[in-house]
Amino acid sequence: MGIRHIARPLGWGRHTVQRYARAARWQDMVKGRKRQLPSKLDPFKPYLVQRWSEADGKVTIFDLHREITARGFRGHYSTVRDWARRATCPGQKASRPPRHRHRSGR
């Protein structure tokens, strides 16, 4: 059978079928969780945790970013912001402030 003939009823792309066909065992194709790659922020996390706890959460992410940049961090503000969201509210989605509702003139 051709690759496309196999792929069509499965709803797979032909390249996916080719990868399975080339694998010695189908189990070789099943991937687990991706390994966590090191972050530019990793060397600064202990400092961030310390500062966050010292300030009892009353320090801005902007200030944290500025402080670690002075210590050699070369990453973006958004990296620090995302870390702070995960570190301060683990397992929760970031909440958004409520939308303002406009009163109608009725």
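Quick note: structure is the one above.
Residues numbered from 1 in each chain as written. Predicted model: local features only at pLDDT ≥ 70, side-chain atom pairs only at ≥ 80, totals over all residues. Heavy atoms only, no water.

In this structure the tally under the stated criterion is two aromatic pairs. Residues phenylalanine 44 and phenylalanine 73 carry aromatic rings whose centres are separated by 5.5 Å and whose planes lie at 75° to one another, so their mutual orientation is edge-to-face. With phenylalanine 44 in the loop between α2 (14-22) and α3 (45-54) and phenylalanine 73 in the loop between α4 (61-70) and α5 (77-88), this residue pair connects regions lying 29 residues apart in the sequence. Between arginine 71 and the ring centre of tyrosine 47, over which it is positioned, the NZ or CZ distance is 3.9 Å. (Phe/Tyr/Trp six-rings, centres within 6.5 Å; stacked < 30°, edge-to-face > 60°. Helix = DSSP H or I, 4+ residues; strand = E, 2+ residues; numbered from the N terminus. Lys NZ or Arg CZ within 6 Å of the ring centre and 35° of its normal.)

Over the atoms rolls a probe the size of a water molecule, and its path tells where empty space is left. In this structure, the largest pocket spans a volume of roughly 150 Å³. Around the largest pocket sit Gln36, Leu37, Pro38, Ser39, Leu41, Asp42, Lys45, Thr79, Asp82, Trp83 and Arg86, which together line it. Broken down by element, the lining of the largest pocket gets its largest block of residues, four residues, from α5. Of the residues that constitute the lining of the largest pocket, the class distribution is four nonpolar, three polar and four charged. (1 Å grid on protein atoms, 1.4 Å probe; cavity = no way out; pocket = protein on both sides within 12 Å on 5 of 7 lines; lining within 4 Å. Points joined across faces, edges and corners; volume = space filled by probe spheres on them. Nonpolar A, V, L, I, M, F, W, Y, C, P; charged D, E, K, R; others polar.)

Running from N to C, α4 and α5 point in directions that differ by 125°, and their axes come no closer than 9 Å. What the angle tells us is that α4 and α5 run oblique. Relative to α5, α4 is oriented so that their crossing is right-handed. Between α4 and α5, the residues in contact are Ile61, Phe62, Leu64, His65 and Ile68 and Tyr77, Val80, Arg81 and Ala84, respectively. (Axes fitted to C-alpha atoms, helices over the stretch in contact; angles between N-to-C directions. Parallel < 35°, antiparallel > 145°, perpendicular 65-115°, else oblique. Left-handed = near helix turned anticlockwise from the far one by under 90°. Contact = heavy atoms within 4.5 Å.)

Here the structure, examined in full by the defined rule, presents six salt bridges. Between glutamate 67 and arginine 51 there is a salt bridge, with its nearest N and O atoms 2.7 Å apart. With glutamate 67 in helix α4 and arginine 51 in helix α3, the pair connects residues that are 16 residues apart, well separated along the chain. Arginine 51 carries the same exposure label as glutamate 67, and that label is buried. (Salt bridge = Lys/Arg side-chain N within 4 Å of Asp/Glu carboxyl O. Buried < 20%, exposed > 50% of the residue type's maximum accessible area, 1.4 Å probe, protein only.)

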